[in-house]
There are 2 protein chains.
Amino acid sequence: MSEVLVVGSVALDWVKTPAGEGKDVLGGAAVYFSLAARLFARVRMLAVVGSDFPREHRSMLETKGIDLEGLETARGKTFRWRGAYAKDMNSAKTLQTDLNVFSSFRPKLSPAHKSAPIVFLANMDPELQWEVLSQVENPALVACDTMNYWIDSKRPALKELLSRVDILFLNDEEAKSLSGEPNNVKAAMRLREWGPSAVVIKKGEHGSMLMAGERVYAFPAYPLAEIKDPTGAGDSFAGGFMGWLASRGAGAPGVQALKRAMLYGSVLASYNVQEFSTKSLEALDLPAVQRRYKDYLDLLSIEDGVLDGRAV
Amino acid sequence: MSEVLVVGSVALDWVKTPAGEGKDVLGGAAVYFSLAARLFARVRMLAVVGSDFPREHRSMLETKGIDLEGLETARGKTFRWRGAYAKDMNSAKTLQTDLNVFSSFRPKLSPAHKSAPIVFLANMDPELQWEVLSQVENPALVACDTMNYWIDSKRPALKELLSRVDILFLNDEEAKSLSGEPNNVKAAMRLREWGPSAVVIKKGEHGSMLMAGERVYAFPAYPLAEIKDPTGAGDSFAGGFMGWLASRGAGAPGVQALKRAMLYGSVLASYNVQEFSTKSLEALDLPAVQRRYKDYLDLLSIEDGVLDGRAV
């Protein structure tokens, strides 16, 4: 089983959605990513929490097989995010962000971290992403996420980082803002010129797009009749995507592998949003993932024939 | 070759998009539908224009093989719509609507119209849609479109119409408004209870959804790097969808046929938005449609395997 190194936030969230509310629940990009990716690969997490971080969260992550050697406990409070989702659940309104111990996070990489074959740099300061990446000795595959805050405030650092990244994950608003292109297809083409050989644009309930091998591929989201909490959808997407890629070995993925990774990403994101916080991902096992993957393939499949005037 | 009867508007549009402007250009739901559907089936159009309707538009439609026996010329002006699209091109802002001769439109059906096997009731007053439908003797397949104006002002008439409709086309905002459900999947399930065996939700650049046979199927839009004019996208989608269904005979379509119809709808809509007004649809031929359909299938196809740790 291959390995994935993830660096990013571990948080305590206060989330309000039309389906309910979760206060001081486990969250953070590194957590959502790890809980999704661990279904396919060994995950090593590089992150920081405060001394208030509940023991049971740490135990749960360990129980799920996630390597927490790089989860540092610093004096102070854990990163906290408070947000609310409106009726359509497509985007969160951030009500409060307290970086707390995350603001002085300087990841210390162990030898195991430094030899990671696959690296996911979750959304955080691109300078910090760079600092971590530059310590990894010879990664075969590097992916990163970002957000509008860094696009606006640290564009040069972000562009420099992208020159060393293979796969860029971002949402459609971010893709448009970073590229300056109002069209997703053009945005993805432009972003590829900056380094990444693949660009993944996440569109929430509207699905996702992949730019790879000179083409743009589009995928619908797995249709759900009920969504309880969209928090972490993007990170669990990336976790499913990168974890599945890791499971097939560390070699450079071809377009067909990337397309399958898009589906695994969608499947993990779809499970994640069905429950508050990490509840759904915690309960998930690989057979359930494969069941939904097969069902998703069935939804997408077209039994094609010729124009022969007969029903199919 | 099977036949489709369409009733709806023929218009002269004044459209502004970020890509340019078209003044007094040919438009209207029945026109877009017909120009898409005629690639697959014989189309009979039931509509009205004013005495100002340019002769060349009528000639063009005739040249494309569309039967205009039911295209009445009334004293007065042709229906005019003026609208503008913002940067993301996802929804038009209506600046002006002059119904003109369309306001007193009372379609007169000939014997050929009355024996139509397949009927598309384009967006218009649901009472008028009902009036037309009740004159068709024994249609094998009936589809309709609608809009928020009728959902708000003539809900009971619309619900009554739906009890006699097989396939309902509407956009996601309309689906949510008509059903009262904020989720597309639930909206489609609810709308099916009112009569239609299939519900098609159009989401513009975000693709489309099909509820049929107890399941919801989602499709991405065909990815385009440039869109010039989204006007008529929904009607050319319906035209491609219904036209292709007609080409395979008038029998009740199964789920697999409906899924293929969704792709043909998407292909026709994708061509339509690449040029202003009806320019793209006018120039289109079946080989070009089939080329893009094959390409679309290729974009969607997943070469599946097992989790064997090898690249695919």
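Model, not experiment: these values are computed from the prediction.

A.B. asks: In this structure, what is going on with the overall build of chain A? I would like to understand it.
C.D. replies: Scanning chain A for helices and strands turns up 12 helices and 13 strands. The C-alpha atoms of chain A give a radius of gyration of 19 Å, which matches the 20 Å a tight globule of 312 residues would have. Taken along the three principal axes of its C-alpha coordinates, chain A extends 70 × 40 × 40 Å. Buried positions account for 53% of the 312 residues belonging to chain A. For chain A, the share of sequence-separated contacts (at least 6 apart) that also reach a separation of at least 24 residues comes to 67%.

A.B. asks: Which parts of the structure should I look at to understand unusual backbone geometry?
C.D. replies: For residues that are not glycine, phi is negative in most cases, and the peptide bond is trans in most cases. All names here are of chain A. One non-glycine residue, Asp 24, lies in positive phi territory at about 55°. As for its placement among the helices and strands, Asp 24 is situated in strand β3 (residues 20-27). Its identity is not glycine, yet Glu 214 carries a phi of approximately 70°, on the positive side. Relative to the elements of secondary structure, Glu 214 occurs in the loop between β12 (208-212) and β13 (215-219).

A.B. asks: Even after reading the chapter, I still don't get the relation of the copies chain A and chain B, so can you show me in this structure?
C.D. replies: Superposition of the two copies of the chain requires a rotation about an axis and a shift along the axis. By a simple turn and slide, chain A fits onto chain B: the slide is 0.0 Å along the axis, the RMSD is 0.0 Å, and the turn is 180°. Each copy turns onto its partner about a two-fold axis. An overlap of 100% is found between the interface residues of chain A and their copies at the interface of chain B, pointing to a shared contact surface.

A.B. asks: What's the story with the confidence of the model for chain A in this structure? I'm lost.
C.D. replies: Should pLDDT be low for a region, the predicted coordinates there are not to be read in detail. Summing up the model confidence of chain A, the mean pLDDT is 94 and the portion of residues at 70 or higher is 96%. Taken together, the chains of this predicted complex give a pTM of 0.93 and an interface ipTM of 0.89.

A.B. asks: Can you walk me through the interface of chain A and chain B in this structure?
C.D. replies: By a widely used convention, the size of an interface equals the accessible area lost when the partners come together. In this assembly, 42 residues from chain A lie in contact with 42 residues from chain B. Secondary-structure elements contributing two or more residues to the side of chain A that touches chain B are α8 (184-192), β13, α10 (255-272) and α12 (286-300) of chain A. Considering every element that reaches the side of chain A that touches chain B, the biggest residue donor is α10 of chain A, with 5 residues. When its residues are assigned to classes, the side of chain A that touches chain B shows 22 nonpolar, 9 polar and 11 charged.

A.B. asks: How do you make sense of helix α4 (residues 126-133) of chain A when you look at a structure like this?
C.D. replies: Since the α-helix turns once every 3.6 residues, residues separated by three or four places project in the same direction. All names here are of chain A. Turning to α4, its buried residues are Pro 126, Gln 129 and Val 132. Buried residues of α4, seen end-on, are gathered within an arc of 115° and therefore sit on one face of the element. Contact partners of the buried residues in α4: β1 (3-7), β4 (42-50), β8 (118-121), β9 (141-145), α5 (148-153) and α6 (155-162).

A.B. asks: Sorry if this is basic, but what is going on with the pairing of β9 of chain A here?
C.D. replies: Consecutive residues of a regular strand have side chains that alternate between opposite faces of the sheet. Residue and element names in this part refer to chain A. By the criterion of burial, β9 is predominantly enclosed, with 5 of the 5 residues buried. Relative to β9, β8 runs parallel, the two being bridged by 4 bridges. Note on β9: the bridge partner recorded for Leu 121 is Cys 144. Regarding topology, α4 serves as the crossover connection from β8 to the parallel β9, and that connection is right-handed. With 3 bridges connecting them, β9 and strand β10 (residues 167-171) associate as parallel partners. Looking at β10, one finds that Cys 144 is bridged to Leu 168.

A.B. asks: Help me understand the packing of helix α4 (residues 126-133) of chain B against helix α6 (residues 155-162) of chain B, please; the structure alone is not making it clear to me.
C.D. replies: Geometry of a packed helix pair, given as the angle between the helix axes and the separation of the axes. Residues and elements named next belong to chain B. Their axes nearest at 8 Å, the elements α4 and α6 cross at an angle of 30°. When the axes of α4 and α6 are compared, the pair comes out roughly parallel. The element α4 and its partner α6 pack so that their crossing is left-handed. Here Pro 126, Glu 127, Gln 129 and Trp 130 of α4 lie close against α6, whose contacting residues are Ala 157, Leu 158, Glu 160 and Leu 161. Looking at side-chain class alone, the contact of α4 with α6 contains 5 nonpolar, 1 polar and 2 charged residues.

A.B. asks: What's the story with the sheet that holds β9 of chain A in this structure? I'm lost.
C.D. replies: Adjacent strands of a sheet pair through backbone hydrogen bonds, lying either parallel or antiparallel. All names here are of chain A. The mixed open sheet is built from 9 strands, whose spatial order is β5-β4-β1-β8-β9-β10-β11-β12-β13. If you trace the sheet from one side to the other, it starts and ends with β5 (67-74) and β13, each paired once. Neighbour-to-neighbour, the strand axes of this sheet turn through a mean angle of 15°, independent of strand direction. Judged from the 5 bridges that link them, strand β11 (residues 198-202) and β12 form a sheet pairing that is antiparallel. The partner of Val 200 across the bridge, within β12, is Leu 210. Each of β1, β4, β8 and β9 is contacted by α4, which is oriented at about 165° to β8, the strand it contacts most.

A.B. asks: What exactly am I supposed to notice about the nonpolar core here?
C.D. replies: Most often, soluble globular proteins have nonpolar side chains that are buried together. Counting 205 residues, the largest nonpolar core has Val 6 of chain A together with Val 6 of chain B as the members making the most contacts within it. Among residues more than four places away in sequence, those in contact with Val 6 of chain B are Ala 30, Phe 33, Ser 34, Val 43, Met 45, Leu 46, Phe 120 and Ala 122 of chain B.

A.B. asks: Would you explain helix α1 (residues 29-37) of chain A in this entry?
C.D. replies: Extensive coverage of α1 of chain A is indicated by the burial of 9 of its 9 residues. Ala 29, Ala 30, Val 31, Tyr 32, Phe 33, Ser 34, Leu 35, Ala 36 and Ala 37 of chain A are the residues of α1 of chain A that are buried.

A.B. asks: Could you clarify how one ought to interpret the sheet that holds strand β5 (residues 67-74) of chain B in this entry?
C.D. replies: Residue and element names in this part refer to chain B. What the 9 strands build is an open sheet, ordered β5-β4-β1-β8-β9-β10-β11-β12-β13; its pairing is mixed. The sheet is open, and its two edges are formed by β5 and β13 (215-219), each paired on a single side. In this sheet, neighbouring strand axes are inclined to one another by 15° on average, regardless of whether the strands run parallel or antiparallel. The sheet contacts of α4 involve β1 (3-7), β4 (42-50), β8 (118-121) and β9 (141-145), and relative to β8 the element is tilted by about 165°.

A.B. asks: Teacher, can you tell me more about the packing of helix α10 (residues 255-272) of chain B against helix α12 (residues 286-300) of chain B here?
C.D. replies: Residue and element names in this part refer to chain B. At a closest axis distance of 10 Å, the pairing of α10 and α12 adopts a crossing angle of 115°. Along this stretch, α10 crosses α12, giving a crossing that reads as right-handed. Taken together, the residues of α12 that come into contact with α10 (itself represented by Leu 263, Tyr 264, Ser 266, Val 267 and Ser 270) are Val 289, Arg 292, Tyr 293 and Tyr 296. Looking at the contact of α10 with α12 residue by residue, the classes come out as 6 nonpolar, 2 polar and 1 charged.

A.B. asks: Looking at this structure, how should I read the pairing of β3 of chain A?
C.D. replies: All names here are of chain A. Looking at chain direction, strand β2 (residues 11-17) and β3 are connected through 6 bridges and run antiparallel. When the sheet's bridge partners are listed, Ala 11 is paired in β3 with Gly 27. Hairpin connection between β2 and β3: a loop of 2 residues separates the two successive antiparallel strands.

A.B. asks: Just checking my understanding: could you explain the environment of Ala 36 of chain B for this structure?
C.D. replies: Residues and elements named next belong to chain B. Take Ala 36: it is sitting in helix α1 (residues 29-37). Taking C-alpha positions, Ala 36 is 8.2 Å from Ala 238, a pair spaced 202 residues apart along the chain. The contact partners of Ala 36, leaving out residues within four places of it in the chain, are Ser 236, Gly 239, Gly 240, Gly 243, Leu 268 and Leu 281.

A.B. asks: What exactly am I supposed to notice about the environment of Tyr 217 of chain B here?
C.D. replies: Tracing the chain through its elements places Tyr 217 of chain B in strand β13. Expressed as a C-alpha distance, the spacing of Tyr 217 of chain B and Val 185 of chain B, which sit 32 residues apart in the sequence, is 9.2 Å. If we ignore the near neighbours within four places in the chain, the residues touching Tyr 217 of chain B are Leu 299 of chain A together with Met 209, Leu 210 and Lys 259 of chain B.

Criteria and cut-off values
Residues numbered from 1 in each chain as written. Chains lettered and ligands numbered in written order. Predicted model: local features only at pLDDT ≥ 70, side-chain atom pairs only at ≥ 80, totals over all residues. Helix = DSSP H or I, 4+ residues; strand = E, 2+ residues; numbered from the N terminus. Rg over C-alpha atoms; globule rule 2.2 N^0.38 Å. Buried ≥ 20, exposed ≤ 12 C-beta atoms within 10 Å, placed from the backbone. Contact = placed C-beta atoms within 7 Å. Least-squares fit on C-alpha atoms with pLDDT ≥ 70 in both. pLDDT = per-residue confidence, 0-100. Nonpolar A, V, L, I, M, F, W, Y, C, P; charged D, E, K, R; others polar. Arc of directions from axis to C-beta. Pairing = 2+ DSSP bridges. Right-handed = clockwise from strand over helix to strand, strands pointing away. Axes fitted to C-alpha atoms, helices over the stretch in contact; angles between N-to-C directions. Parallel < 35°, antiparallel > 145°, perpendicular 65-115°, else oblique. Left-handed = near helix turned anticlockwise from the far one by under 90°. Core = buried A, V, L, I, M, F, W, Y, C linked by C-beta atoms within 7 Å.

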